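Descriptive analysis of the structure
Here is what each chain is made of, one letter per residue.
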Amino acid sequence: TLELRMLAQSARALELAQWLERQPQVARVYYPGLESHPQYALAKKQQRAGGAIVSFEVKGGKEAAWKVIDSTELVSITGNLGDVKTTITHPATTTHGRISPEARAAAGIGEGLLRVAVGLEAVADLQADLARGLD
């Protein structure tokens, strides 16, 4: 079922990424399935879909990022990626927390960056969950 699951999760991730681009509290969205992504053309040539991972930078840094995380009820807070349940993580304090602030900055991992591994929930439910923290 992996192929079917990934196609479904990728479709949901694209829809969520498009929604996030329209949110005034979001500074930038990173998702290769978006035309705004710098490697969109390459991704379209190499992949059938954009994948299930959406990263986005919220305005207001770490405090604003944690507000989004702490406001979620449906999305699970974890450093794990790749489940049928949507998860969210703050890379600067989890997956990349052990590297220096300078190395994180060089890698584009700011304090306001969030990473969402989109699962199989309804996109409207994910949007509502994230919107609580973006308000």
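See the structure printed just above.
With that settled, the discussion passes to the overall build of the protein chain. Helices and strands together make up the secondary structure of the protein chain, namely five helices and five strands. Along the protein chain, helices and strands appear, N-terminal first, in the series α-β-α-β-α-β-β-α-β-α. Taking 135 residues into account, the globule formula puts the C-alpha radius of gyration at 14 Å, and the protein chain, at 14 Å, falls close to it. Counting the 135 residues in the protein chain, one finds 40% classified as buried. Residue pairs in contact within the protein chain that sit at least 24 positions apart in sequence constitute 69% of those at least 6 positions apart. As displayed, the protein chain has an accessible area near 7,200 Å², and 53% of this comes from carbon and sulfur atoms. Computing the positive centroid from 15 side-chain charges and the negative centroid from 15, the protein chain places the two 5 Å apart.

Relative to each other, helix α3 (residues 61-71) and helix α5 (residues 123-134) sit at 140°, their axes nearing to 7 Å. As far as their axial angle goes, α5 and α3 are oblique. Relative to α5, α3 is oriented so that their crossing is right-handed. Counted together, Lys67, Val68 and Ser71 of α3 and Asp129, Leu130, Arg132, Gly133 and Leu134 of α5 form the full contact between these two elements. Of the residues in the contact of α3 with α5, the class split is three nonpolar, two polar and three charged.

Among all positions in α3, only Ala64, Ala65, Val68, Ile69 and Ser71 are buried. The inward-facing, buried residues of α3 contact β2 (53-58), β3 (76-77), β4 (87-89), β5 (113-117) and α5.

Before going further, it helps to examine the packing of helix α1 (residues 2-21) against α5. In contact at an axis separation of 10 Å, α1 and α5 are set at 35° when each is read in the N-to-C sense. Regarding α1 and α5, the two cross each other, and that crossing is right-handed. Of the residues in α5, those in contact with Arg12, Glu15, Leu16, Trp19 and Leu20 of α1 are Val123, Leu126, Gln127, Leu130, Ala131 and Leu134.

Looking now at the pairing of β5. Of all five residues in β5, five are buried; the element is thus mostly enclosed. Side chains Leu113, Arg115 and Ala117 of β5 all project onto a buried face; the interleaved residues Leu114 and Val116 project onto the opposite face, where all are buried too. Sheet topology note: the β2/β5 ladder contains five bridges and is antiparallel. Considered in β5, the bridge of serine 55 is made with arginine 115. Summarising the sheet, β4 and β5 pair through three bridges and their orientation is antiparallel. Its bridge partner being in β5, isoleucine 88 is matched across the sheet by valine 116.

Analysis parameters
- Residues numbered from 1 in each chain as written.
- Predicted model: local features only at pLDDT ≥ 70, side-chain atom pairs only at ≥ 80, totals over all residues.
- Heavy atoms only, no water.
- Helix = DSSP H or I, 4+ residues; strand = E, 2+ residues; numbered from the N terminus.
- Rg over C-alpha atoms; globule rule 2.2 N^0.38 Å.
- Buried < 20%, exposed > 50% of the residue type's maximum accessible area, 1.4 Å probe, protein only.
- Contact = heavy atoms within 4.5 Å.
- Areas by Shrake-Rupley, 256 points an atom, 1.4 Å probe, with all protein chains shown as cover.
- Lys, Arg positive; Asp, Glu negative; His and termini not counted.
- Charge placed at Lys NZ, Arg CZ, Asp CG, Glu CD.
- Axes fitted to C-alpha atoms, helices over the stretch in contact; angles between N-to-C directions.
- Parallel < 35°, antiparallel > 145°, perpendicular 65-115°, else oblique.
- Left-handed = near helix turned anticlockwise from the far one by under 90°.
- Nonpolar A, V, L, I, M, F, W, Y, C, P; charged D, E, K, R; others polar.
- Pairing = 2+ DSSP bridges.

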